[in-house]
Amino acid sequence: MSRDAEADAVLEAGWQKIRDDGRVRAELLDAAYAEPRLRQLFPWVSMGELHLSRCTESRWTWDIPHVMPDAEGYWVSGPLRNETVGPAATAKNAVAMVIQRLPADCGPAFIGTPEELAAHEATTQQTGRG
């Protein structure tokens with residue numbers, strides 16, 4: 001299996017696990033998954049919040065805003081817990097707010113841990129293969 005096929009399988013399994021888990025509203029998962037830039041990231045759940053990571057293994061990355069359910073729709077925060085983006089009336093609005101705040105060059109999720117991702121990024125920067 002090629003690295004791309006392996007990454008696709010890991011990501012798809014992650015999205016399916018979140019869907020099966022049931023702690024994130026289906027409409028939010030559908031809206032996030034419909035966006036190619038988010039679908040290529042690894043999803044994870046904490047306290048019913050949808051988080052996305054640039055790597056596939058925990059501790060995951062904390063550089064992408066996350067979405068939590070709210071009585072009036074959704075609330076977008078982050079990337080860090082003490083950072084607030086604001087309310088979103090619909091899942092699509094929340095997803096749009098996340099997309100607007102993605103890190104630069106936020107490409108497909110890296111298979112591995114945040115530490116392995118950082119080492120990979122440092123290596124590609126040194127060799128000029130960005």
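The structure we're discussing is the one just above.
These numbers were taken from a predicted model, which means no experiment stands behind them. (Residues numbered from 1 in each chain as written. Predicted model: local features only at pLDDT ≥ 70, side-chain atom pairs only at ≥ 80, totals over all residues. Heavy atoms only, no water.)

The tally for this structure, following the rule as stated, stands at 6 salt bridges. With its nearest N and O atoms 2.9 Å apart, the salt bridge here joins Asp30 to Arg19. You can see Asp30 sitting in helix H2 (residues 26–34) and its partner Arg19 sitting in helix H1 (residues 3–21), a full 11 residues away along the chain. Using a relative accessible area of 42% as the deciding quantity, one classes Asp30 as partly exposed. The exposure class assigned to Arg19 is partly exposed, which follows from its relative accessible area of 34%. For Arg81, the salt bridge identified is with Glu49, shortest N-O distance 2.7 Å. Pair noted here: Arg81 is in the loop between strand S4 (73–77) and strand S5 (84–88) and Glu49 is in strand S2 (residues 49–53), with a separation of 32 residues, a long-range link. (Salt bridge = Lys/Arg side-chain N within 4 Å of Asp/Glu carboxyl O. Helix = DSSP H or I, 4+ residues; strand = E, 2+ residues; numbered from the N terminus. Buried < 20%, exposed > 50% of the residue type's maximum accessible area, 1.4 Å probe, protein only.)

Quick look at the packing of aromatic side chains now. With the rule as written, the count across this model stands at 4 aromatic pairs. For the ring pair Trp44 and Trp60, a centre distance of 4.9 Å and an interplane angle of 10° mean the geometry is stacked. Taken together, the residues span a long stretch of sequence, with Trp44 in strand S1 (residues 42–46) and Trp60 in the loop between S2 and strand S3 (66–70) at a distance of 16 residues. The exposure class of Trp60 is partly exposed, given its relative accessible area of 23%. On the basis of an interplanar angle of 75° and a centroid distance of 5.4 Å, the ring pair of Trp44 and Trp62 is categorised as edge-to-face. On the criterion of sequence distance, the pair formed by Trp44 in strand S1 and Trp62 in the loop between S2 and S3 is long-range, its members being 18 residues apart. (Phe/Tyr/Trp six-rings, centres within 6.5 Å; stacked < 30°, edge-to-face > 60°.)

Let us look at empty space enclosed by the protein. Scanning all chains against the criterion turns up 1 cavity of 30 Å³ or more. Considering only enclosed or pocket space, the largest cavity measures out at about 50 Å³ in volume. Elements with a contribution of two residues or more to the lining of the largest cavity: H2, S2, S3 and helix H4 (91–100). A per-class count over the lining of the largest cavity returns 9 nonpolar, 1 polar and no charged. (1 Å grid on protein atoms, 1.4 Å probe; cavity = no way out; pocket = protein on both sides within 12 Å on 5 of 7 lines; lining within 4 Å. Points joined across faces, edges and corners; volume = space filled by probe spheres on them. Nonpolar A, V, L, I, M, F, W, Y, C, P; charged D, E, K, R; others polar.)

Here the bond from Ser58 into Arg59 is cis, since omega is 20°, no more than 30 degrees from zero. Following the sequence through the fold, Arg59 ends up in the loop between S2 and S3. A cis amide bond links Gly78 to the next residue, Pro79, at an omega of 20°. Looking at the element boundaries, Pro79 is found in the loop between S4 and S5.

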